[in-house]
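Each chain is listed here by its residues.
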Amino acid sequence: MTATATADRTLVLRRRIRIVVAITITWNVIEAVVALLAGGAASSAALIGFGLDSVVEVLSAAAIAWQFAAPDPERRERTALRIIAISFFGLAAYVGVDAVLALTGLSEPAHSPIGIAIAALSLLVMPFLSWFERRTGRELGSASAIADSRQTLICTYLSAAVLAGLLLNGLLGWAWADSVAALVIAGFAVREGIEAWRGDACTAPVSALTGEREPSPEA
């Protein structure tokens, strides 16, 4: 591939990153508003946590938007990775505390049809956004874009946990179900935060969240 073709391809990939980040920010703003309002109405700590997680995702995506708004995004990569890492740690802290409070009986998710709907929609939207950004980031060689895609994927798993918790609580009274799943997600968030802080998002041989393997040198 010629240098001109490579440069043109890089510009296309950077434009794709900006587009997917814009979509991610827009969706998460809507998701945050709906989840926080529904969580407040239902006195649901799980839904409020879900809404705050969407705010964290907006911050992470905004860091990528800031990075790729520069003519030379690579110069901002380290700062963007640090912002994403901090957002991972913040997400893990809140989700972990919320899960412990629910397990000790101090807080529990309440039945909320609106919450169920927004969590279900998130399960449809977020996996595609995560996959598209991760694929583009890998081709571009951007550790920050890959780290942000993992943040989005964690939000997908959190959506599944919240949805399962709301359904099981509403149907069977199992208020502890989403708390157990949330603790597992919090553990993954800490791991991914550490990798983002170290700049390992492109070099990890196997992603615990995606199950993807890096191609071998012979491939």
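Residues numbered from 1 in each chain as written. Predicted model: local features only at pLDDT ≥ 70, side-chain atom pairs only at ≥ 80, totals over all residues. Heavy atoms only, no water.

(A) The confidence of the model for the protein chain, seen in detail. Model confidence for the protein chain is summarised by a mean pLDDT of 78, while 84% of its residues fall at 70 or above. Looking across the protein chain, the model is least confident in helix α6 (residues 177–198), with a mean pLDDT of 78, and most confident in helix α4 (residues 113–140), with 89. (pLDDT = per-residue confidence, 0-100. Helix = DSSP H or I, 4+ residues; strand = E, 2+ residues; numbered from the N terminus.)

(B) Here's a closer look at the packing of aromatic side chains. Tallying each qualifying case throughout the model produces 3 aromatic pairs. Residues Phe 128 and Trp 131 carry aromatic rings whose centres are separated by 5.9 Å and whose planes lie at 35° to one another, so their mutual orientation is tilted. A residue pair is termed a helical-turn pair when its members lie 3 or 4 positions apart in one helix, as Phe 128 and Trp 131 do in helix α4 at 3 residues. Note on Trp 131: relative accessible area 35%, which makes it partly exposed. Grouped by ring-pair contacts, the aromatic residues Phe 128, Trp 131 and Phe 132 constitute a single cluster. Between Arg 82 and the ring centre of Trp 197, over which it is positioned, the NZ or CZ distance is 4.0 Å. (Phe/Tyr/Trp six-rings, centres within 6.5 Å; stacked < 30°, edge-to-face > 60°. Buried < 20%, exposed > 50% of the residue type's maximum accessible area, 1.4 Å probe, protein only. Lys NZ or Arg CZ within 6 Å of the ring centre and 35° of its normal.)

(C) Highlighting the nonpolar core. Formed by 42 residues in total, the largest nonpolar core has its most connected members in Ile 17, Phe 50 and Leu 158. Going through the elements one at a time, α1 (3–42), α2 (45–68), α3 (77–103), α4, α5 (143–172) and α6 are the ones with two or more residues in this core. In terms of residue count, α5 provides more of this core than any other element does, 10 residues in total. Non-local contacts of Phe 50, meaning those with residues more than four positions away in its chain, are made with Glu 31, Ala 35, Ile 118, Ala 119, Ser 122, Cys 155, Leu 158, Ser 159 and Val 162. (Core = buried A, V, L, I, M, F, W, Y, C linked by side-chain atoms within 4.5 Å. Contact = heavy atoms within 4.5 Å.)

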